[in-house]
Structure formats: structure tokens, C-alpha cells
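In case you want the letters, here they are:
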Amino acid sequence: MLPVDQTLFAAAEAIRAKAYAPYSRFHVGAAILADDGNIYAGCNIENAAYPQGNCAEASAIAAMIAGGGRRITRIYVTGPGKEPVTPCGGCRQRIREFADLDVAVISHGVEGEPLVSTLGELLPHSFGPEHLKK
Ligand code: THU
């Protein structure tokens, strides 16, 4: 594992321990390396009104924007089990807003091996901010 990924994994795991997921009991953490050199992390936050829950990636993006970062240069997602915890469809689009298509998304079910994908692989033929500038 790259040193940067070890750092991101540790940040994602530290915040995953704080997840608020009493309904699914599926605790997720995400850590972003941003263009300002800082790491921003977030966990999932569920709600009794289920659709109001936040994914970990959305929380990490909120932390990045609030903290002054503007672009995602790498993102690591951790969750339980052996299978890689890949971002949901909505979160792929959320990441798309702030990342280039060649940005690495590392998906990790912590009892298994991490899966490294690019955002473009996870979200092909996607719609993004540049479409609104034409
Ligand atoms: N979840 C995330 O936070 N990120 C993902 O990439 C997949 C799913 C959360 C949403 C919900 O709180 C729980 O995991 C079960 O779906």
C-alpha cells in the first residue's frame, strides 16, 4: 500500500469509528486528500427518516469545503466486511463535482483487500460542471 493510502486508510478508519448508523449498523468512513494538502474525513450519519441520512463521502466532501479544500486528489472509503465498499451512485456523482476523472477512488472492506479504481471507471459517460459551461 502506498504511504499516502496508509494515511488515508487510518483517517477513514478513525472517523468510521464515529459513524452514526443505528439502523443499518453499516459503519462507513471516507478520507479525502485535497488540493490544499490536507486530509478531510467523514462518516455516515443516518436518520430515523431514512432518506435524510448522509453517506460518509458526502460528509467528507462537506468537511473539505468547510475546511477550505476545493478539489479531491484522492479518496479512500472504508467499511465492514471483505468486499470493497464502493461509493453509491449518488456519491460517485458527488465526487465527480470535485475530482478529475483520473482521480483514484480506493474502496475497502477492511477484512479484505482494497480496490483501486479511477472515478472515470466508476462513473463512465458522466455529467459534470463543464457541461453547464457550454
Ligand atoms: N454508505 C456510505 O456511507 N457510503 C457508501 O459508499 C455506501 C453506503 C452508508 C449509507 C448508509 O448509512 C449505510 O452505508 C448503509 O447503506
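Residues numbered from 1 in each chain as written. Predicted model: local features only at pLDDT ≥ 70, side-chain atom pairs only at ≥ 80, totals over all residues. Heavy atoms only, no water.

Participant: What exactly am I supposed to notice about the site of the ligand here?
Facilitator: Inspection of the region around the ligand gives Ser24, Phe26, Val28, Asn44, Glu46, Cys55, Ala56, Glu57, Thr86, Pro87 and Cys88 as its neighbouring residues. Here an oxygen atom of the ligand and a side-chain polar atom of Glu57 are 2.6 Å apart. Taking 380 Å² as the accessible area of the ligand by itself, protein coverage stands at 76%. Grouping the amino acids of the shell around the ligand by side-chain chemistry returns six nonpolar, three polar and two charged. (Near = heavy atom within 4 Å. Polar contact = N/O pair within 3.5 Å; in protein donor to acceptor, adjacent residues only side chain to side chain. Areas by Shrake-Rupley, 256 points an atom, 1.4 Å probe, with all protein chains shown as cover. Nonpolar A, V, L, I, M, F, W, Y, C, P; charged D, E, K, R; others polar.)

Participant: Looking at this structure, how should I read the pairing of strand β5 (residues 115-118)?
Facilitator: Alignment of strand β4 (residues 99-109) against β5, held across four bridges, turns out to be antiparallel. Bridge pairing links Ala104 to Thr118 in β5. Where β4 folds back on β5, the antiparallel hairpin that results is connected by five residues. (Pairing = 2+ DSSP bridges. Helix = DSSP H or I, 4+ residues; strand = E, 2+ residues; numbered from the N terminus.)

Participant: Would you explain the pairing of strand β2 (residues 39-43) in this entry?
Facilitator: The side chains of a regular strand alternate between both faces of the sheet. Bridge count for strand β1 (residues 29-34) against β2 is five bridges, and the pairing is antiparallel. Each residue of the ladder has a partner; that of Ile32, found in β2, is Tyr40. Connecting β1 to the next strand, β2, in antiparallel fashion are four residues, including Gly37 with a positive phi near 90°.

Participant: How should the packing of helix α2 (residues 56-67) against helix α3 (residues 89-98) be read in this particular structure?
Facilitator: Angle between the axes and distance between the axes are the two parameters that describe a pair of packed helices. Running from N to C, α2 and α3 cross one another at 20°; their axes reach a closest spacing of 9 Å. Relative to α3, the element α2 lies roughly parallel. In terms of crossing hand, the pair formed by α2 and α3 is left-handed. Taking contact as the criterion, the partners of Glu57, Ala58, Ile61, Met64 and Ile65 in α2 are, on α3, Cys91, Arg94, Ile95 and Phe98. Among the residues forming the contact of α2 with α3, the class breakdown is seven nonpolar, no polar and two charged. (Axes fitted to C-alpha atoms, helices over the stretch in contact; angles between N-to-C directions. Parallel < 35°, antiparallel > 145°, perpendicular 65-115°, else oblique. Left-handed = near helix turned anticlockwise from the far one by under 90°. Contact = heavy atoms within 4.5 Å.)

Participant: Looking at this structure, I do not really get the environment of Arg70. What am I missing?
Facilitator: With respect to the element layout, Arg70 can be found in the loop between α2 and β3 (72-79). The sequence separation of Arg70 and Phe98 amounts to 28 residues, and the corresponding C-alpha distance is 7.0 Å. The contacts of Arg70, once residues within four sequence positions are left out, are Asp35, Met64, Ile65 and Phe98.

Participant: It is not clear to me how the side chain of Arg92 should be interpreted in this structure. Could you clarify?
Facilitator: With respect to the helices and strands, Arg92 occurs in helix α3. The side chain of Arg92 is buried and forms no salt bridge, while Glu57, the nearest opposite charge, is found at 7.7 Å. One polar contact links the side chain of Arg92 to the main-chain carbonyl oxygen of Leu122, over a distance of 3.0 Å. If sequence neighbours within four positions are ignored, Arg92 has contacts with Thr86, Pro87, Leu119, Leu122 and Leu123. (Buried < 20%, exposed > 50% of the residue type's maximum accessible area, 1.4 Å probe, protein only. Lys, Arg positive; Asp, Glu negative; His and termini not counted. Salt bridge = Lys/Arg side-chain N within 4 Å of Asp/Glu carboxyl O.)

Participant: Help me understand the nonpolar core, please; the structure alone is not making it clear to me.
Facilitator: Side chains of a nonpolar character, in soluble globular proteins, are inclined to be buried together. Ile32, Ile72, Ile75 and Ile95 are the most contacted members of the largest nonpolar core, which has 20 residues in total. Every element with two or more residues in this core is listed here: β1, α2, β3, β4 and α4 (119-122). Apart from the residues lying within four places of it in its own chain, the contact partners of Ile72 are Ile32, Leu33, Ile61, Met64, Ile95, Phe98, Ala99 and Val103. (Core = buried A, V, L, I, M, F, W, Y, C linked by side-chain atoms within 4.5 Å.)

In short, the description is geometric, and any link to function would need to be established separately.
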